[in-house]
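Listed below, chain by chain, are the residues.
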Amino acid sequence: MLQPKKVKHRKWQKRPKFGNETRGTELAFGAFGLKSEGTKWITARQIEAARKAMTRYIERGGKVWIRIFPDKPVTKKPPEVTLGGGKGSVDHYVFPVRPGRILFEMDGISEEVAKEAMRLAGHKLPIRTRFVKK
């Protein structure tokens, strides 16, 4: 699973989730892409599940780029712990996605195959996505 090797701050504060994405909104590497249409935190497990679904469908053909990396730590306190005692320990990492962000890119395969692979990957993610091409 994806997670940072080293971080500047172990625990982050929560930030507001509003507005559209301004960076990473255009295809940069491949001819086909999967674009987000919603706002959500995407976990490292969801990214890996989507990547596996794509690569299995294209049968090791073409190339896949993952344009997002989960670097935001999410903390969680253990079950049945009373209030107080500070913030919990880091449980997993997420990437906060806003509308317009390109999540995955693909090249080296036909459009029909890419469209179906991206559709399968989109089902693994908690947000609505759209297939885009150059």
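Above this note sits the structure.
First, a word on scope: everything that follows refers to the structure included in this document. (Residues numbered from 1 in each chain as written. Predicted model: local features only at pLDDT ≥ 70, side-chain atom pairs only at ≥ 80, totals over all residues. Heavy atoms only, no water.)

**With respect to helix α2 (residues 111-122)**
Item 1. With twelve residues, α2 extends 16 Å between its outermost C-alpha atoms, agreeing within 8% with the 16 Å of an ideal straight helix rising 1.5 Å per residue.
Item 2. Three or more residues of α2 are buried, namely A114, A117, M118, A121 and G122. Around the axis of α2, the buried residues are gathered within 140° of arc, so they sit on the same side. (Helix = DSSP H or I, 4+ residues; strand = E, 2+ residues; numbered from the N terminus. Expected span 1.5 Å × (residues − 1). Buried < 20%, exposed > 50% of the residue type's maximum accessible area, 1.4 Å probe, protein only. Arc of directions from axis to C-beta.)

**Brief notes about unusual backbone geometry**
Item 1. In this structure, E80 takes a positive phi of about 60° despite not being glycine.
Item 2. Tracing the chain through its elements places E80 in the loop between β4 (72-76) and β5 (89-97).

**A look at the pattern of salt bridges**
Item 1. Here the structure, examined in full by the defined rule, presents seven salt bridges.
Item 2. When the shortest N-O distance is used, the salt bridge between R101 and E21 registers 3.6 Å. In this pair, R101 is assigned in the loop between β5 and β6 (102-107) and E21 in the segment before β1 (32-36), connecting sequence segments 80 residues apart.
Item 3. A residue is classified by how much of its surface remains accessible, and R101, at 12% relative accessible area, is buried.
Item 4. Residue E37 is joined to R128 by a salt bridge in which the shortest nitrogen-to-oxygen separation is 3.7 Å. Taken together, the residues span a long stretch of sequence, with E37 in the loop between β1 and β2 (40-43) and R128 in the loop between α2 and β7 (129-133) at a distance of 91 residues.
Item 5. Under the relative-accessibility criterion, E37 is labelled partly exposed at 35%.
Item 6. Since its relative accessible area comes to 65%, R128 is described here as exposed. (Salt bridge = Lys/Arg side-chain N within 4 Å of Asp/Glu carboxyl O.)

**Observations regarding the side chain of E105**
Item 1. Tracing the sequence through the fold places E105 in strand β6.
Item 2. We classify E105 as buried; its relative accessible area is 0%.
Item 3. From its side chain, E105 meets the backbone nitrogen of G30 in a polar contact 2.6 Å long.
Item 4. A distance of 2.2 Å separates polar atoms of two side chains, one belonging to E105 and the other to R67.
Item 5. Apart from residues no more than four positions distant in its own chain, E105 is found in contact with E26, L27, A28, F29, G30, F32, G33, K63, V64, W65, R67 and M118. (Polar contact = N/O pair within 3.5 Å; in protein donor to acceptor, adjacent residues only side chain to side chain. Contact = heavy atoms within 4.5 Å.)

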